[in-house]
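# Observations on the three-dimensional arrangement
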Amino acid sequence: ADLNVKVDSGISKKAVTVSAASLENQYPDEKRLLNALENSALEVRLEALRSLPKAVRDKKAKGLVTAVISEHKVLAVEPGDRTHELYGIAVDIGTTSVVVALMDLLSGDTLGIASASNPQATFGADVIARIDHVIQNPDGLEQLNRRVIQVINRLTAKLAKENQISPQAIYQMTVVGNTTMSHLFLKAD
């Protein structure tokens, strides 16, 4: 059955033209961006500030930039109009396998799915063995966390490459797993 569901990821993109700096317009890039967005109450995150100078000076884009916005924060600034590209991943961390799905957050479509064995299995086939590894080894939690992060990054990069998108264009991630898998992912004792 067709479901009529509105997709709302909580992230939006807005394309605006940022005025060029000049003797008459000596405001910093951040202020000129907020003026273009017509919202001076937005907080521009450090990651966005880092990408802002290059984006507003991109010769092809000629001042046209796309702001990635979530919860009154500018998360990133991309050169040109990139409002048609908004991606996220859904991750299922199982005891035996890890599954990553690349999602188009505008349409809700699944663009691809990749899976791999959970590399934490080298420290134990079940959750009890992994918990014991964390208890018995001072760096056990770090080891198990690093393993699952590496496989998620690898699967995400694979899906991004297959779909010809940059992993940096993935702005949202949802992770599920049982209590132990969730704690190991969060590096929480």
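Whatever comes next refers back to the structure up there.
Residues numbered from 1 in each chain as written. Predicted model: local features only at pLDDT ≥ 70, side-chain atom pairs only at ≥ 80, totals over all residues. Heavy atoms only, no water.

## Some thoughts on the pattern of salt bridges
Evaluation of the coordinates by the stated rule reveals eight salt bridges. Between R45 and E43 there is a salt bridge; the shortest N-O distance is 3.8 Å. In this structure R45 comes out as partly exposed when scored by relative accessible area, which is 32%. Residue K187 pairs with E142 through a salt bridge whose shortest N-O separation is 2.8 Å. (Salt bridge = Lys/Arg side-chain N within 4 Å of Asp/Glu carboxyl O. Buried < 20%, exposed > 50% of the residue type's maximum accessible area, 1.4 Å probe, protein only.)

## Focus on the sheet that holds strand β5 (residues 87-93)
What the four strands build is an open sheet, ordered β7-β6-β5-β8; its pairing is mixed. Pairing within the sheet leaves two strands with one partner each, and these edge strands are β7 (110-117) and β8 (170-177). Strand-to-strand twist in this sheet, taken as the mean axis angle between neighbours without regard to direction, amounts to 15°. Taken together, the seven bridges between β5 and strand β6 (residues 97-104) define a ladder with antiparallel strand orientation. Residue I93 lies in a different strand from β6, and its bridge partner there is V98. Most of the contacts of helix α4 (residues 140-162) go to β6, to which it runs at about 40°, and overall it touches β5, β6, β7 and β8. Strand contacts of helix α5 (residues 179-186): β5 and β8, with the helix running at about 140° to β8, the strand carrying the most contacts. (Pairing = 2+ DSSP bridges. Helix = DSSP H or I, 4+ residues; strand = E, 2+ residues; numbered from the N terminus. Axes fitted to C-alpha atoms, helices over the stretch in contact; angles between N-to-C directions. Contact = heavy atoms within 4.5 Å.)

The quantities given are spatial measurements derived from coordinates; they are silent on function.
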